[in-house]
Amino acid sequence: MQKIGGMVRVQLRRAVPVLWRLAAAPGGFVLAGASVFGAVHPLGLALVLGARGGTALLASAGAALGCVFLLPAADAARYLGALAAAAAGRLLVRRPSAFWPAAAAGCGTLLLIQTLLAAGGVGGAADWAAAVGDCALAVAFGWAMRRGAASDPASLLPWAAAGLIGLEQFSSGLFQPAALAFCLLGLIPASRGRVRDAAVLCVVGGAALSAAGSPLAFGLMGPAAGCLAAAVFAPGETAGCAALFFAGALTGVLAAPTLGQAAQLTACAGIACVGFFLLPRRLREAFPGTAAPAAVEGSRPVLAGAGARLVRVADTLEEVADIVNQVCEKLPKKGESYNWVVDHVAEELCCSCANREVCWVAGYSTTMDGFYQLKPVLERQGRAAVEQLPGQFCRCVHPVELCGATSRAYALYRSRREARVQAGTMRAALTEQYGAMADALARIADELNQGLSTDEGKSQRVAGWFASWGLEPLECAVQLDLAGRMQVTVTVSRTAFTAAEQREIAAETGHICRRTLGAPEIVHRRTLTTLTLREQPVYAPRFALAGRAARDGVSGDAADQFCDAFGCAHMLLCDGMGTGRPAAVDGNLAARLTGQLVRAGFGGEAAARLVNVALSLKSEEESGATLDLLTVDLYTGKGTIFKAGAAPGFVVRQGKAGVLDGPSLPVGILDKVVSRRQPVTLTEGDLAVLLSDGALADGPAWVTQQLELCAAVGNTPQEIADILAEMAAARQKPGVPPDDITVVVMQLEKAV
């Protein structure tokens, strides 16, 4: 159902331009005859001035017909001339600024006609003053209507006021369409808890009906009070909203000067309640307006609480890892000494032997010496034969049973020792995972606790724009971090968005926030969809990759280049130990795991610790891979390079190449990661280059020279990667087993 609802909303949005065109001519007809303050009729001219695009001609035609059929002949002649001049101005000046030439032409023509009539003795100063009022109101309404075609819901108020004034001319008896529309306009936002929208609509609508001379203007405070009561006390309750609204409207009925006017107001309130019940819920939810700021105001303490909880979880995981290590270190290591084998044989065999006192009391030293002389035999072949017993056991009356008991005890001793080693490995892996997860959670908590400031005004405007689409935001926040970068987060009911709609969302949200925003990141969770738009970074990366496999077409190197959702560019290179398929397994495993962890928000250190655990537990054979990770913030150009056993990296700034290197060890060979982290700063045009060991078989000096030469020539990143890979392959020394060659390059450019 959510998907169907989203499709309906999309189709309605696409139909809006067609509906505007269809309504232009009837709207012009109705507004041309509308009267303001009992003497002026500015709305027909205002519609011609305010209509956008192809609707201007249709509005002009409808307004002309309205003047002919709804106004007296003298007034119709004056307004027809003004409408014709304004339409001509719209046709001749086809620019966004065409409003003012058209306004000057229409209002100038209206004043000129009135001046000529006054010079001919038709009309006096009062008529000329009314013409001036006509012009002022037409320009004001037209300018407001022209802005009302934008997506801001607040700018639709002039259209609502003009519509109410236009409907008032058709009021007769119990038929009061303007008052009925006024009640519905206030009741719909009130049912959704929008106190502000309901209040604004009631004020604007009441002023419009009063200006139009509505006979029910005396009692408009009653329906307005009912709308506000419904918005405050019964949001979302259809029956409750209708009951509170009708009760408020009855207070206006009590102020009616005549019984007929009381009946008119009561009928309007009752019909409005019936219409409200009959109006489909989806149409009520699609009504434009500004979302309530409650979710925006509450977002900051929610984030602060989430950050504090993540800190506590991170500290707890770190404590668990420390406690497990301390307990395991202090526990007695039973069964891990060779003396345990001797004790086990004594308890199993010798405790019931008649010579026990001779062997274990009088000859204790001789017996122990015999067992220790038997130890090399057991270590070499795992068991002992009778002929291999030392001379100290010549007095044993059960030599065969002694060999069997000793062999079984030693086998059990060895299995216990192997189990202890395996348990220690698993414990180290478990505690290392706890530590890595604690580091990652602490980093996320730091990001949440950075003190993001929420711009409530922009948050409400963005929420209102989504609401005008028919997507009522469940949560909307426009936030700035400490560096002034903007992030917009909007949560709506689960909806699918096309690529064109995503571009429209980014463009319109950026226009509202006065920032250039990137494409939205969309995450679907059950019945909800969260859109996250971040400010467009200052820099954009250009990635390049080139490689040569040492043999069998399978390279032990694995590389990845990507930008994450947090405005950072990453360049990753892993080199599996050796060449061929075994090395390819280790290299690709390390690269895939690291890439996934970094995309999820893990730092280089935490990712390396988890990859180290994965490689150490992958198989019984030794596994290892180098890890080279460059991360650059695309907003500032600042970044870090993380190395674990990787070959030196290079940075080219202003045509000069520098080397990035330091002592470290590959992941997967030790329980702990031995790495190096170094800060890096890049600007527009700078290059960062990572290479595997095979590319540096002839040393790093030639790479520095070649990079400076490429920078002077102006080679592209892909050309640089290809040149370095080809030259590295040519420089491999004969007689030395070849190694895999991989070159990855990143260059920063100004974002468009």
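About the criteria used
Positions within a chain are numbered from 1, following the residues in the order the chain's sequence is written. Residues qualify for local features only when their pLDDT is at least 70, as the model is predicted, and side-chain atom pairs are given and counted only at 80 or more; totals for whole chains, interfaces and linings, by contrast, use all residues. Hydrogens are left out, water is left out, and the side-chain values use all remaining heavy atoms of the structure. Burial classification: accessible surface area is computed with a 1.4 Å probe over protein chains only, and a residue below 20% of its type maximum counts as buried, one above 50% as exposed, and the rest as partly exposed. In this description a helix means any DSSP run of H or I spanning at least four residues, a strand means any run of E spanning at least two, and both kinds are numbered starting from the N terminus. As used here, the arc belongs to the directions running from the helix axis to the C-beta atoms. At least two DSSP bridges between two strands are required for those strands to pair. A pairing counts as a salt bridge when a side-chain nitrogen of Lys or Arg comes within 4 Å of a carboxyl oxygen of Asp or Glu. Only rings of Phe, Tyr and Trp enter the pairing, Trp through its six-membered ring, and a pair is recorded when the two centres are within 6.5 Å. The plane angle decides the type: under 30 degrees is stacked, over 60 is edge-to-face, the rest tilted. Nitrogen and oxygen atoms within 3.5 Å of one another constitute a polar contact, given that in protein one can donate a hydrogen and the other can accept it, and given that sequence-neighbouring residues count only through two side-chain atoms. Two residues form a contact once any of their heavy atoms are found within 4.5 Å. A helix is expected to span 1.5 Å multiplied by its residue count minus one. What counts as an axis is a line fitted to C-alpha atoms, over the stretch in contact for a helix, and the angles between N-to-C directions run from 0 to 180 degrees. Here roughly perpendicular refers to angles of 65 to 115 degrees, roughly parallel to angles under 35, roughly antiparallel to angles over 145, and oblique to all remaining angles. Should the near helix be turned anticlockwise from the far one by less than a right angle, the crossing is termed left-handed; should it be turned clockwise, right-handed. Following the grouping adopted for this structure description, the nonpolar residues are Ala, Val, Leu, Ile, Met, Phe, Trp, Tyr, Cys and Pro, the charged ones are Asp, Glu, Lys and Arg, and the polar ones are all others, Gly among them. Any cysteine sulfur atom paired with another within 2.5 Å is treated as part of a disulfide. Nine residue types can take part in a nonpolar core, namely buried Ala, Val, Leu, Ile, Met, Phe, Trp, Tyr and Cys, and a core is a set of them joined through side-chain atoms within 4.5 Å.

A. View of helix 16 (residues 338-348). Listed in full, the buried residues belonging to helix 16 are Tyr-338, Val-341, Val-342, Val-345 and Ala-346. Burial along helix 16 is one-sided: seen end-on, the buried residues are contained in an arc of 130 degrees.

B. Inspection of the pairing of strand 15 (residues 741-750) at higher detail. For strand 15, a buried count of eight out of 10 residues is recorded, marking the element as mostly surrounded by other parts of the structure. Note: strand 6 (residues 539-548) against strand 15, 10 bridges, orientation antiparallel. Looking at strand 15, one finds that Leu-545 is bridged to Val-744. Pairing of strand 14 (residues 687-691) with strand 15 involves five bridges; the strand directions are antiparallel. Within strand 15, the position partnered with Val-689 by the bridge is Val-745.

C. Fine view of the environment of Ile-271. Counting through the fold element by element, Ile-271 comes out in helix 12 (residues 259-278). Each C-alpha atom of the pair Ile-271 and Leu-180 lies 7.3 Å from the other, and the pair is 91 residues apart in sequence.

D. A look at the pattern of salt bridges. On inspection of all chains with the given rule, the structure shows seven salt bridges. The partner of Asp-560 in a salt bridge is Arg-599, with the nearest N and O atoms 3.2 Å apart. One end of the pair, Asp-560, is in strand 7 (residues 557-563); the other, Arg-599, is in helix 22 (residues 580-599), and 39 residues separate them in sequence. With its nearest N and O atoms 2.7 Å apart, the salt bridge here joins Asp-628 to Lys-643. With a gap of 15 residues between them, Asp-628 in strand 9 (residues 625-633) and Lys-643 in strand 10 (residues 638-644) connect regions that are remote in the sequence. Taken individually, Asp-628 and Lys-643 each receive the classification buried, so the pair is uniform in this respect.

E. Main features of the packing of aromatic side chains. According to the stated counting rule, one finds one aromatic pair in the structure shown. For the ring pair Trp-465 and Phe-466, a centre distance of 5.2 Å and an interplane angle of 85 degrees mean the geometry is edge-to-face. With a relative accessible area of 2%, Trp-465 lands in the buried category.

F. Inspection of the side chain of Lys-643 at higher detail. On the accessibility criterion, Lys-643 (3% relative accessible area) is buried. A polar contact is formed between the side chain of Lys-643 and the side chain of Asp-628, at a distance of 2.7 Å. Among the polar contacts listed, one links the side chain of Lys-643 to the backbone oxygen of Ala-647, at a separation of 2.5 Å. Setting aside residues no more than four positions away along its own chain, Lys-643 makes contact with Leu-627, Asp-628, Pro-648, Gly-649, Leu-660, Ser-664, Ser-675 and Arg-676.

G. Quick peek at helix 25 (residues 717-731). Helix length check: helix 25 (15 residues) gives 21 Å between terminal C-alpha atoms against 21 Å at 1.5 Å per residue, within 8%. Along its buried surface, helix 25 packs onto strand 6, strand 14, helix 24 (701-713) and strand 15.

H. The arrangement of the packing of helix 4 (residues 73-92) against helix 5 (residues 99-119) in detail. In the contact formed by helix 4 and helix 5, the axes pass within 7 Å of each other and the chain directions differ by 155 degrees. Relative to helix 5, helix 4 is oriented roughly antiparallel. Considering how the two elements wind past one another, helix 4 and helix 5 form a crossing that is right-handed. Seen from helix 4, the contacting residues are Ala-77, Arg-78, Tyr-79, Gly-81, Ala-82, Ala-85, Ala-86, Gly-89 and Arg-90; seen from helix 5, they are Ala-102, Ala-105, Gly-106, Thr-109, Leu-110, Ile-113, Gln-114 and Leu-117. In terms of residue class, the contact of helix 4 with helix 5 is made up of 10 nonpolar, five polar and two charged.

I. A look at the state of the cysteines. Throughout the structure, instances matching the rule amount to zero disulfides. Residue Cys-273 stays outside any disulfide, its sulfur separated by 8.2 Å from that of Cys-183, the closest cysteine. With no disulfide partner, Cys-396 has as its closest neighbouring cysteine sulfur the one in Cys-359, 6.3 Å distant.

J. Focus on the environment of Ser-555. As for its position among the elements, Ser-555 is in the loop between strand 6 and strand 7. Note on Ser-555: relative accessible area 21%, which makes it partly exposed. On a C-alpha basis, the gap between Ser-555 and Thr-742 in space is 8.8 Å, while along the polypeptide they are 187 residues apart. Ignoring sequence-local partners within four residues, the contact set of Ser-555 consists of Ala-549, Ala-584, Asn-588, Asp-740 and Thr-742. Separated by 3.1 Å, the side chain of Ser-555 and the backbone nitrogen of Asp-557 make a polar contact.

K. Inspection of the sheet that holds strand 4 (residues 521-525) at higher detail. The strand order 1-2-3-5-4 describes an open sheet built from five strands, whose pairing is antiparallel. Each edge of the open sheet carries a strand with a single partner, namely strand 1 (453-454) and strand 4. Strands in contact with helix 20 (residues 456-468) are strand 1, strand 2 (475-480) and strand 3 (486-493); relative to strand 2, the strand with the most contacts, it is inclined by about 140 degrees.

L. Expanded view of the nonpolar core. In this structure, Leu-43, Phe-141, Met-145, Ile-165, Phe-182 and Phe-245 are the most contacted members of the largest nonpolar core, which totals 44 residues. Setting aside its immediate chain neighbours within four residues, Phe-141 contacts Leu-43, Ala-46, Pro-158, Ala-161, Ala-162 and Ile-165.

M. A look at the sheet that holds strand 13 (residues 676-681). Taken in spatial order, the five strands make up an open sheet running 7-8-9-10-13, and their pairing is antiparallel. The sheet is open, and its two borders are formed by strand 7 and strand 13, each paired with just one other strand. Strand-to-strand twist across the sheet, computed as the mean angle between neighbouring axes with direction ignored, equals 10 degrees. Relative to strand 13, strand 10 runs antiparallel, the two being bridged by six bridges. Considered in strand 13, the bridge of Ile-641 is made with Gln-678.

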